[in-house]
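# Structural description and commentary
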Amino acid sequence: MHIHIITDLEGISGVTDINQMEFNTEGYEYARKRLMIDTNAAVKGAFNGGADTVTVTDGHAKGKNFIEGMLDKRAVNINLIDLYNQDMHKKVNALMFVGTHAMSGTMNAFLDHVQSSVSWYNYYINSVRCGELVQGGAFFGAYGIPVIFASGDEAACAEARYFFGNIQTTAVKKALCRNKAESYDLDVCEKEIEQNAEKAISLIGKIKPYKVTEPIEIQVDFTRTDYCDNASERPGAERIGSRTVIKKIPKITDYLSILL
Ligand SMILES: [Zn+2]
C-alpha cells in the first residue's frame with residue numbers, strides 16, 4: 001500500500017505567526033523543525049497503519065523547506081515536478097495533507113489563501129469556490145485516489161471534512177486572527193497526527209475520491225487588474241472581466257493545469 005503525503009508550512013504545529021513564513025529567520029527555522037516533526041508523525045502513522053511505501057512532497061513555496069537528513073528514512077522525498085513526471089499520482093492508494101491551510105476568504109483561519117496571498121482573491125473549479133486542499137484532492141481524485149487525512153488549523157480541518165467527507169483530521173492550532181494562531185500542546189499534536197494518520201489507513205475503500213465533472217472550468221478572481229493582465233496572456237486563459245480569468249480543461253491530466 002502506497003501513501004503519498006503533501007506538506008505545507010502554514011498549518012504546521014507551532015507555526016503561529018505570519019513572520020515565520022519569512023525565509024532565513026529564526027521563526028522560519030523553527031517552523032522547518034516543526035514541519036519535520038509533523039511530517040514524520042504522519043509517515044510513522046501511515047506505516048503503523050499498514051503502508052509499505054510512503055512518499056512525501058514538500059509543497060510549500062519552492063519545496064525547499066525540509067531539513068536535510070531529518071525526514072524519516074523509510075519515506076521517499078519526491079519533488080513536485082517529479083511527482084507528476086513519474087506518474088506517481090496514478091500509483092498511490094491514498095493522499096494525506098500535513099500542515100495545510102484554509103482557502104482564501106475563510107473566517108477564523110490562520111493564513112487563509114489560495115496560491116498567492118497577494119494576487120489571488122478567489123479560485124473556483126466548476127463554479128465551486130475552493131482552495132489548495134481541493135486542488136490536490138481533485139487532481140488525485142481524477143485518478144481514483146481519495147484524501148484520507150489532513151492536519152492544519154481548525155479551519156483547514158473543517159474545510160477538509162467539508163469537501164472530502166468523514167476523513168481523519170488533526171487540528172494543531174486555532175486562529176486568533178488571520179496572521180496569528182494559538183498553538184495546541186505540541187507533544188499532543190505530534191501524537192495525534194501519528195495516531196490519526198494510522199487510523200486513516202482503514203478509510204481506504206470507504207472514502208470516495210473527490211471527483212470533479214470534466215470538462216472543468218477554472219476561474220480565478222484577482223485582487224488587481226494588472227495581475228489579471230498578466231494571467232490573461234497564459235495559454236488557454238480567457239479574460240471574462242476586469243479581474244477575472246477562466247480556463248477550460250477537457251480532462252485533468254496534470255496538476256499545474258488546474259492552477260490556471
Ligand atoms: Zn504554503
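We now turn to the structure provided with this report. (Residues numbered from 1 in each chain as written. Predicted model: local features only at pLDDT ≥ 70, side-chain atom pairs only at ≥ 80, totals over all residues. Heavy atoms only, no water.)

### Observations regarding the sheet that holds strand S11 (residues 237-239)
Ordered by their spatial adjacency, five strands build an open sheet running S6-S5-S10-S12-S11, and the pairing between neighbours is antiparallel. Edge positions in the sheet fall to strand S6 (128-129) and S11, since each has one partner strand and no second. Of the strand pairs in this sheet, strand S5 (residues 120-125) and strand S10 (residues 216-222) are connected by five bridges, and their pairing is antiparallel. Bridged to Trp 120 within S10 is Phe 222. (Pairing = 2+ DSSP bridges. Helix = DSSP H or I, 4+ residues; strand = E, 2+ residues; numbered from the N terminus.)

### Observations concerning the coordination of the zinc ion
Tetrahedral coordination by four donors places them ideally at 109.5 degrees to one another around the metal; octahedral coordination by six donors ideally gives 90 or 180 degrees. At this site the zinc ion is bound by Asp 8 (OD), Glu 10 (OE), Glu 10 (OE) and His 60 (ND1), with donor distances of 2.0 to 2.6 Å. For the zinc ion, the four donor atoms in the first shell make angles of 53 to 133° at the metal, so the coordination geometry reads as irregular. Read from N- to C-terminus, the donor residues coordinating the zinc ion fall into the pattern D-x1-E-x49-H. Here the residue Glu 10 occupies a position in the loop between strand S1 (2-7) and helix H1 (26-48), and His 60 occupies one in the loop between strand S2 (53-58) and strand S3 (76-77), the gap between them amounting to 50 residues. When sorted by exposure, Glu 10 lands in the same class as His 60, which is buried. (Donors = N, O, S within 2.8 Å, 3.2 Å for Na, K, Ca; no water. Tetrahedral: all angles 85-135°; square planar, octahedral: opposite > 155°, others 65-115°. Buried < 20%, exposed > 50% of the residue type's maximum accessible area, 1.4 Å probe, protein only.)

### Overview of the side chain of Thr 57
For Thr 57, the location among the structural elements is in strand S2. We classify Thr 57 as buried; its relative accessible area is 0%. Sequence-distant contacts of Thr 57, that is, excluding residues within four places in its chain, are made with His 4, Ile 5, Ile 6, Thr 7, Phe 66, Ile 78, Asn 79, Leu 80 and Leu 83. (Contact = heavy atoms within 4.5 Å.)

### Brief notes about helix H3 (residues 132-141)
Within H3, ten of the ten residues are buried, which leaves it mostly tucked inside the rest of the structure. Every buried residue belonging to H3 is among Glu 132, Leu 133, Val 134, Gln 135, Gly 136, Gly 137, Ala 138, Phe 139, Phe 140 and Gly 141, and all of these are buried. Here the buried face of H3 lies against S1, helix H2 (80-85), strand S4 (94-100), S5, strand S7 (147-153) and helix H4 (154-164).

### Focus on the nonpolar core
Counting residues in each nonpolar core, the largest one holds 80 residues, and the members touching the most others are Ile 3 and Met 96. Take this core: its biggest share by element is nine residues, from H1. (Core = buried A, V, L, I, M, F, W, Y, C linked by side-chain atoms within 4.5 Å.)

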